[in-house]
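Okay, here's what each chain looks like letter by letter:
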Amino acid sequence: MYFWDIGAAGALCHQAGNWQYKAALNDAWTESYGLHAGSDNIALNLGASTSVKFYYDNKTHWITDNKNSVIAVVAGSFQSELGCIKDALPADWQPDCLRSWLQDVDGDGTYTYETTALPAGSYEGKVALNENWDVNYGQGGVPGGANAALTLAADTAVTFYYNPVTHVFGTSADGPIITVPGSFQSELGCPGDWSPDCMVSWLTDPDGDGVYTYATSAIPTGSYEAKVAHGLSWDENYGVDGAPGGANYSFSTTSGKQVTFSYVLATHVLTITANDPPLPGTGQQQAFWVDR
């Protein structure tokens, strides 16, 4: 893991302006990485002079900066197992240890970190931003909230997931990874519609009651379709009334309304509701069912 901090003096990149950059290895362009670890340059647009910190991971080849990306670390009682240290000793709960850096290499809005280095056992963790504890999120995405539990029954690979919009995070050990793909996903920032592997529309169950939810106010006016997918693929999916591979759910909404997707794991049934913005001067909301 590498980083480069540009301070108040020196390099042009800290000055206001529109810049581009990429990572070049071994003092040559023979091997270089840009946007999404690909070949395109990365744009850095600065409205005012500011300090910029650049980050590069030699394993994933993700090159980014703290203006274009959220710098998030999953800090917890497992970090000493990953090689994190403090005062020359193995240490846990280190928000500045980038060995557990959550990355959005493909730019789909979901930050992930995968490791095979954790032994079987019980751990706790939370997400910390900007390499310190000033801004952190616990269970259910609550600011400064309770630690989230992680239990590994056997030595295995585990993936941590973090949504920087809802601040909810979880792991592949928590149960099935469930998304709600549909014809609206491109409006949320996914690379395309009907993408079961885009975790922007990730359904989560932070309280463990078996009901997985996702809410957004970013869907524009229109009519859309959706269904539920497990495991970030179409191999297991559910349509209307929880039917495996069943018909798409249909719904309509208007811009600014919060659309909430609620999925019951036991029945595989999805319901979709929408809420109007608060009525003027009341602080209350109107609610109605959106057709399935």
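Go over the sheet that holds strand 16 (residues 158-162) with me, naming the residues and quoting the values.
Taken in spatial order, the 3 strands make up an open sheet running 12-16-17, and their pairing is antiparallel. Of all strands in the sheet, those bounded by a partner on one side alone are strand 12 (111-115) and strand 17 (169-171). Here the average twist between neighbouring strands, direction ignored, is 15°. As paired elements, strand 12 and strand 16 share 5 bridges and run antiparallel to each other. When the bridges of strand 16 are listed, Y111 appears paired with Y162.

Account for the state of the cysteines, naming residues and giving values.
Throughout the structure, instances matching the rule amount to 2 disulfides. The side chain of C84 participates in a disulfide bridge whose partner is C97; the two sulfur atoms lie 2.0 Å from each other. Judged by the torsion about the S-S bond (-90°), the C84/C97 disulfide is left-handed. With C84 in the loop between helix 1 (79-82) and strand 9 (85-86) and C97 in the loop between strand 10 (89-90) and strand 11 (101-102), this pair connects stretches of sequence that are 13 residues apart. Accessibility assignment for this pair places C84 and C97 in one class, buried. Note on cysteine connectivity: C190 is disulfide-linked to C198, with sulfurs 2.0 Å apart. Between C190 and C198, the S-S torsion sits near -85°, and that sign places the bridge as left-handed. C190 gets classed as buried once you look at its relative accessible area, which sits at 6%. For C198, a relative accessible area of 2% gives the class buried.

Describe in detail the sheet that holds strand 22 (residues 228-230), supporting the description with residues and values.
Read across the open sheet, the 4 strands follow the order 19-18-22-23; overall the sheet is antiparallel. Of all strands in the sheet, those with a lone pairing partner are strand 19 (202-203) and strand 23 (236-238), marking the two edges. In this sheet, strand 23 lies alongside strand 22 in antiparallel orientation, the contact comprising 3 bridges. Across the sheet, the residue bridging to V228 is Y238, located in strand 23.

How each quantity is defined
- Residues numbered from 1 in each chain as written.
- Predicted model: local features only at pLDDT ≥ 70, side-chain atom pairs only at ≥ 80, totals over all residues.
- Heavy atoms only, no water.
- Pairing = 2+ DSSP bridges.
- Helix = DSSP H or I, 4+ residues; strand = E, 2+ residues; numbered from the N terminus.
- Axes fitted to C-alpha atoms, helices over the stretch in contact; angles between N-to-C directions.
- Disulfide = S-S within 2.5 Å.
- Buried < 20%, exposed > 50% of the residue type's maximum accessible area, 1.4 Å probe, protein only.

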